[in-house]
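Residue-level structural notes
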Amino acid sequence: MSQIEKEYVDTGKIRYFFLDFPLKFHAQAFKAAEAAECAGEQGKFWEMHNKIFENQRALSPEDLSKDAEAVGVDMPKFKACLDSGKYAEKIKKDIAEGQKAGVTGTPTSLLGWIEPDGKNIKAVKIIIGAQPYTVFKEAIEGLLKTKK
Amino acid sequence: MKRLTVLAVLVFLILFCTQIGFAQTSKEIKALKEDVRSIKEGQTTIQKDLQEIKKLLASRPAQPAEFKEAIINIQGAPTKGDKTAKLVLMEFSDYQ
């Protein structure tokens, strides 16, 4: 992601969205996704997102609390958010959105065009798995050429 | 006469020793050449294997072709980048 970010997101050529797709057999993935959303509520989504990925093997509730503390969120608020499960629906919605495009595993990337309403994206290409940068580059360049 | 004998022995010894020396060096060179040859052979094998691996990787499809266009709602999804950009990369991922 870092190179895609540098070459295409930071330069304004494309926009990036992260959607949650915790897999059923990843027992702790759902809570981790909620934890990132709860940190996001305090403006620290990407910090928490990166932190959880850094400590990917440690996803117990205590580990997630440690991550949250490390990125500097208000802990009582964070814990209340996590306990409430208020983002469960949002995460389930993300999963359902992915399934519409045939997403079954992670990571899966979709490339598409933003609709005029700004709320929906017409996905036109799928990239399954953690493919090398060149695969993304080729797909992005190809699409950038077709429309401007 | 004694002197001469000593001298002769010395010369003989010197010649003999250097010959052994020569013989040893040429033996070593031979062994080294043999080593270099086998290393080269090994390299060629590795290169061949690499080529085959590359071919296999290239022929493997990166993605299935049965993807259907879909409209994805991204409301509430964390985002990065220019809001006016038309092309979008959506990543579906989990943390585990």
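Residues numbered from 1 in each chain as written. Chains lettered and ligands numbered in written order. Predicted model: local features only at pLDDT ≥ 70, side-chain atom pairs only at ≥ 80, totals over all residues.

1. Points about the overall build of chain A
Put simply, the rule is: Strands are runs of DSSP state E lasting at least 2 residues, helices are runs of H or I lasting at least 4, and numbering of each runs from the N terminus. Residue burial is a threshold on neighbouring C-beta atoms within 10 Å of the residue's own C-beta, all placed from the backbone, with 20 or more meaning buried, 12 or fewer meaning exposed, and counts in between meaning partly exposed.
Looking only at helices and strands, one finds seven helices and three strands in chain A. Sequence-ordered secondary structure for chain A, helices as α and strands as β, is α-β-α-α-α-α-α-β-β-α. Expressed along its principal axes, the backbone C-alpha trace of chain A runs to roughly 50 × 30 × 30 Å. A buried classification covers 36% of the 148 residues belonging to chain A.

2. Details of the nonpolar core
Quick reminder of the rule: Put simply, a nonpolar core is buried Ala, Val, Leu, Ile, Met, Phe, Trp, Tyr and Cys residues tied into one set by C-beta atoms within 7 Å.
Counting residues in hydrophobic clusters, the biggest one holds 26 residues, and the most contacted among them are Ile72(B) and Met90(B). Of all the secondary-structure elements, those providing two or more residues to this core are strand S1 (14-20), strand S2 (108-114), strand S3 (120-128) and helix H7 (133-146) of chain A together with strand S1 (70-73) and strand S3 (87-93) of chain B.

3. Quick look at the interface of chain A and chain B
Stated precisely, the cut-off is as follows: Here, residue contact means that the backbone-derived C-beta atoms of the two residues sit within 7 Å. Note that Gly is not counted as nonpolar here; it falls among the polar residues with everything else outside the nonpolar set of Ala, Val, Leu, Ile, Met, Phe, Trp, Tyr, Cys and Pro and the charged set of Asp, Glu, Lys and Arg. Paired strands, as defined in this entry, are two strands with at least two bridges between them according to DSSP.
Contact with chain A, which involves 58 residues of that partner, is made by 31 residues of chain B. The set of elements that each furnish at least two residues to the side of chain A that touches chain B consists of helix H1 (2-9), S1, helix H2 (29-40), helix H3 (45-54), helix H6 (88-100), S2, S3 and H7 of chain A. Ranked by residue count, the leading element in the side of chain A that touches chain B is S3(A), at eight residues. Among the residues making up the side of chain A that touches chain B, the classes are represented as 34 nonpolar, 13 polar and eleven charged. With six bridges joining them, S2(A) and S3(B) adopt antiparallel strand pairing.

4. Brief notes about the pairing of S3(A)
Looking along a regular strand, one sees the side chains alternate between the two faces of the sheet. All names here are of chain A. Summarising the sheet, S2 and S3 pair through seven bridges and their orientation is antiparallel. If you follow threonine 108 over to S3, its bridge partner there is isoleucine 128. The turn linking S2 back onto S3 is made up of five residues, and glycine 118 within it adopts a positive phi angle of 75°.

5. Re helix H4 (residues 61-71) of chain A
All names here are of chain A. As a reminder of what qualifies: It is the directions from the helix axis to the C-beta atoms that the arc portrays.
Turning to H4, its buried residues number three or more, namely Leu64, Asp67 and Ala68. Down the axis, H4 shows its buried residues gathered within 100° of arc, on one side only. In H4, the exposed residues that point more than 90 degrees away from the buried face are Glu62 and Glu69. In this structure, the buried residues of H4 make contact with H2, H3 and helix H5 (75-84). Positive backbone phi, at 80°, marks glycine 72, one or two positions downstream of H4.

6. A word on the packing of H2(A) against H4(A)
Helices that pack against each other are described as a pair by the angle of their axes relative to one another and the distance between those axes. Residue and element names in this part refer to chain A. How we decide: To define axes, lines are fitted to C-alpha atoms, for helices over the stretch in contact only, and angles between the resulting N-to-C directions are given on a 0 to 180 degree scale. Relative orientations are named as follows: roughly parallel for angles under 35 degrees, roughly antiparallel for angles over 145 degrees, roughly perpendicular for angles from 65 to 115 degrees, and oblique for any other angle. Put simply, a crossing is left-handed when the front helix is turned counterclockwise from the back one by less than a right angle, and right-handed when it is turned clockwise.
Direction vectors running N to C along H2 and H4 enclose 25°, while the axes themselves pass 11 Å from each other. Taken together, the axes of H2 and H4 are roughly parallel relative to one another. Note that H2 runs across H4; the crossing there is right-handed. On the side of H2, the interface is formed by Lys31, Ala32, Ala35 and Ala39, while H4 contributes Pro61, Leu64, Ala68 and Val71. Split by residue class, the contact of H2 with H4 holds seven nonpolar, no polar and one charged.

7. Some words on the environment of Thr106(A)
Considering the arrangement of structural elements, one finds Thr106(A) in the loop between H6 and S2. Accessibility expressed as a C-beta count within 10 Å gives 22 for Thr106(A), which makes it buried. Remark: the alpha-carbon pair of Thr106(A) and Glu89(A), spanning 17 residues in sequence, is separated by 19 Å. Sequence-distant contacts of Thr106(A), defined by excluding residues within four places in its chain, comprise Phe21(A), Leu23(A), Phe92(B), Ser93(B) and Asp94(B).

8. Quick look at the confidence of the model for chain B
The line we're drawing: pLDDT gives the predictor's per-residue confidence on a scale running from 0 to 100.
With 83% of its residues at a pLDDT of at least 70, chain B reaches an overall mean of 85. Averaged over each element, pLDDT in chain B is lowest for helix H1 (residues 2-59) of chain B (84) and highest for S3(B) (97).

9. A look at H6(A)
To keep things clear, this is the line we draw: In this scheme, a helix's expected span is set at 1.5 Å multiplied by one less than its residue total.
Helix length check: H6(A), at 13 residues, gives a terminal C-alpha distance of 19 Å against a target of 18 Å (1.5 Å per residue), a fit within 8%. Every buried residue of H6(A) is accounted for by Ile91(A), Asp94(A), Glu97(A) and Gly98(A). All buried residues of H6(A) fall inside an arc of 115° around its axis, so they share one side. Residues of H6(A) that are exposed and point more than 90 degrees away from the buried face comprise Glu89(A) and Ala96(A). The inward-facing, buried residues of H6(A) abut S1, H2 and S2 of chain A together with S1 and S3 of chain B. Two residues or fewer after H6(A) comes Gly102(A), characterised by a positive phi angle close to 85°.

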